[in-house]
Amino acid sequence: MSTSPRPREARRDWGHDETGCRVLHIDMDAFYASLEVARHPELRGRPVIIGTGPRSVVSAASYEARRYGVNSAMATAQARRLCPDGVFLPVDMRYYRETSRRIFSDVLGRVTDRIEQVSVDEAYMDVSSALLAWGRPTAIARWIRAEVSARFHVTCSVGIASSAVVAKLASTMAKPDGMLLIPRSRREEFVGMMPLRAMPGIGPAMERRLHLWGISTVADLNGLDDKALTAAAGSATIARRLRLMSHGDDERVIAPRTTEKSIGAERTFQHDASGSETILGLLRWCCQDVSATLRDRHRVARTVTVKVRYPDLRYESRSHSMPSPSDLDSRVYHEAVILLARILRVDSETLSTHSQDHPLTPLRLVGVSVSSLSDTGTTAVQPSLDETAPGEDPDLGDPSSRLRLTQAALDTVRHKYGSGAARLGF
Ligand SMILES: [Mg+2]
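Basis of the calculations
- Residues numbered from 1 in each chain as written.
- Predicted model: local features only at pLDDT ≥ 70, side-chain atom pairs only at ≥ 80, totals over all residues.
- Heavy atoms only, no water.
- Pairing = 2+ DSSP bridges.
- Helix = DSSP H or I, 4+ residues; strand = E, 2+ residues; numbered from the N terminus.
- Donors = N, O, S within 2.8 Å, 3.2 Å for Na, K, Ca; no water.
- Buried < 20%, exposed > 50% of the residue type's maximum accessible area, 1.4 Å probe, protein only.
- Axes fitted to C-alpha atoms, helices over the stretch in contact; angles between N-to-C directions.
- Contact = heavy atoms within 4.5 Å.
- Expected span 1.5 Å × (residues − 1).
- Salt bridge = Lys/Arg side-chain N within 4 Å of Asp/Glu carboxyl O.
- UniProt positions renumbered as here; feature names shortened; annotations may be inferred.
- Core = buried A, V, L, I, M, F, W, Y, C linked by side-chain atoms within 4.5 Å.
- Arc of directions from axis to C-beta.

### Here's the deal with the pairing of strand S12 (residues 359–375)
- Bridge count between strand S9 (residues 262–275) and S12: 9 bridges; the pairing is antiparallel. In the sheet register, Ala-273 faces S12, and the bridge partner there is Leu-363.
- Looking at chain direction, strand S10 (residues 299–309) and S12 are connected through 10 bridges and run antiparallel. Bridging from a neighbouring strand, Arg-309 pairs with Leu-365 of S12.

### As for the coordination of the magnesium ion
- In this structure, Asp-27 (OD), Met-28 (O) and Asp-121 (OD) serve as the protein donors to the magnesium ion, at separations of 2.2 to 2.4 Å.
- Site description for the magnesium ion: donor spacing in sequence, D-M-x92-D. Here Asp-121 lies in the loop between strand S5 (115–119) and strand S6 (122–126) and Asp-27 lies in strand S1 (residues 23–28), a separation of 94 residues in the sequence. Of the two residues, Asp-27 and Asp-121, neither departs from the other in class, the shared state being buried.

### Focus on the sheet that holds S1
- Read across the sheet, 5 strands follow the order S5-S6-S1-S7-S8 without closing on themselves; strand pairing throughout is mixed. Taken across any chain shown, the strands that pair with only one partner, and hence form the sheet edges, are S5 and strand S8 (179–181). Between one strand axis and the next, the sheet turns through 15° on average, direction left out of account.
- In this structure, S5 lies alongside S6, joined through 4 bridges in antiparallel fashion. Across the sheet, Glu-116 pairs through a bridge with Tyr-124, a residue of S6.
- This element, helix H4 (residues 93–106), spans S1, S5 and S6 of the sheet and lies at about 165° to S5.

### A look at the sheet that holds strand S2 (residues 48–50)
- In space, the 3 strands of this open sheet follow the order S3-S2-S4, with mixed pairing throughout. A single partner strand is all that each edge strand has here, and the edge strands are strand S3 (60–61) and strand S4 (87–89).
- Judged from the 2 bridges that link them, S2 and S3 form a sheet pairing that is antiparallel. Of the residues in S3, the one forming a bridge with Ile-49 is Ala-61.
- Along the sheet, helix H1 (residues 31–39) makes contact with S2, S3 and S4, crossing S2 at roughly 120°.

### Structural notes on helix H6 (residues 137–152)
- Helix length check: H6, at 16 residues, gives a terminal C-alpha distance of 22 Å against a target of 22 Å (1.5 Å per residue), a fit within 8%.
- Count one or two residues on from H6 and you reach His-153, which has phi positive near 60°.

### Overview of the pairing of strand S7 (residues 156–161)
- With respect to burial, S7 is a largely interior element, 6 of its 6 residues being buried.
- Residues Cys-156, Val-158 and Ile-160 of S7 are buried on one face, and the alternating residues Ser-157, Gly-159 and Ala-161, pointing to the opposite face, are buried as well.
- Of the pairings in the sheet, the one linking S1 to S7 comprises 6 bridges and is antiparallel in character. Pairing of Asp-27 across the sheet is with Ser-157, part of S7.
- Where S7 meets S8, 3 bridges bridge the pair, whose relative direction is parallel.

### As for the pattern of salt bridges
- In the structure shown here, the tally under the stated rule is 26 salt bridges.
- Residue Lys-175 is joined to Asp-29 by a salt bridge in which the shortest nitrogen-to-oxygen separation is 2.5 Å. One end of the pair, Lys-175, is in the loop between helix H7 (164–174) and S8; the other, Asp-29, is in the loop between S1 and H1, with 146 residues separating them in the sequence. For the pair Lys-175 and Asp-29, one class covers both residues: buried.
- Two residues, Arg-187 and Asp-249, come together in a salt bridge whose shortest N-O distance is 2.8 Å. Of this pair, Arg-187 sits in helix H8 (residues 187–192) while Asp-249 sits in the loop between helix H11 (236–246) and S9, and the two are 62 residues apart along the sequence.

### Notes on the UniProt feature "active site" (unreviewed entry) in the protein chain
- As annotated by UniProt and renumbered to match this structure, "active site" (unreviewed entry) occupies Glu-122.
- Note on placement: Glu-122 falls in strand S6.
- Residue classification places Glu-122 among the buried residues on the basis of a relative accessible area of 12%.
- Excluding its chain neighbours within four sequence positions, the residues that come into contact with Glu-122 are His-25, Ile-26, Asp-27, Phe-104, Glu-116, Gln-117 and Lys-168.

### Looking at the nonpolar core
- Ranked by size, the top nonpolar core spans 38 residues in total, and within it Leu-24, Ile-26, Leu-108, Met-125 and Ile-144 carry the most contacts.
- Secondary-structure elements contributing two or more residues to this core are S1, H1, S2, S4, H4, S6, H6 and S7.
- Aside from chain neighbours lying at most four places away, what touches Met-125 is Arg-22, Val-23, Leu-24, Ile-26, Leu-108, Val-111, Thr-112, Arg-114, Ile-115, Ile-144 and Ile-254.
- With 36 residues, the next largest nonpolar core counts Val-23, Leu-196, Ile-215 and Ala-228 among its residues.

### Considerations on helix H10 (residues 226–233)
- Looking only at H10, the buried set comprises Ala-228, Leu-229, Ala-232 and Ala-233. Down the axis of H10, the sector holding all buried residues measures 125°, keeping them to one side. Opposite the packed face of H10, turned more than 90 degrees from it, sit the exposed residues Asp-226 and Lys-227.
- As for H10, its buried residues are in contact with helix H9 (204–212) and H11.
- After H10 finishes, the residue Gly-234 shows a positive phi value of roughly 90°.

As structure tokens, this is what we get:
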């Protein structure tokens, strides 16, 4: 959720000329919190905060919770102090991603394929080719807002403009549950009202640099000539981007991003953990989460990476590529245990012996990610040598495909009853 400053006076009617306004920026309102309310309607109207555990941070807060001063990235402990009666819920990334995927395919994807997904709850759309069928960009925005609300019981805000930068600022101004059109002829006036930090790409460091040159609003950027702006920004490329932005323009081409390069899951321990049972338990959870995401997205992975964080906040990680790609919990977990053993400098056999709780180096966090991804349909997934046993009845299929069927059945149970409902015993 955005915590950027926004001038209240920018939220008003800027006119109705839609000519040249081909960019929509769609942003779900308090997405994770709204999705929790969507499946628990009894929480409607209550301050809902996503992120539990003493060491976690707030991932999302409903607008009711924001009234207490709760914001994203705030420590959960602080949020509890600000809002002691808040409803604190754990992050259920699988549910949020799955709903996001459906919103993108069932709603946004019906308008155009020129969609650039920025995050699980945010996207740019170039609707130029859809205008013949839809007539006006605002008609598209209204339909999207109505569909998302009716089908998924969450709201979204939409900015409509002639450039991505203005569309993004407009959706922020329209929040929550609103829509704002900035006509092309008003774009410079609109961005000119913005404080520097409201602009995408201007962080605290760049803001400080520009302040030294007497620039504190976007409009001030136009008081500098190109040479001075280059000196102030520190590079000609950044200066050029700032100049375009100050006029309400950019050169962004809206196109589908190449699909993700990796999928990961990590968990922070409530207390620094050193028992092998606890550590392996969370490692297994991470592997199951990652593998389930792979299967949900019809992807397989070749490379497994394990990351740990020590109590002194140091990170360490190890990766390994498997001989053939996989999307199975057991394969990913098998690799992960070997990698973890290497990180902790212990024997992997000893580590994976479940009968004993071995003391290990204390850890604060364990994470697993997979990369070298490919589509399940186009990748030959060969059973590895340790999966084929001699004397198997060929009519039953190889052990790998049987495991795959079992896994698919378990996924169905999980989707229906929650991620803790069933898992393979390994
Ligand atoms: Mg959002």
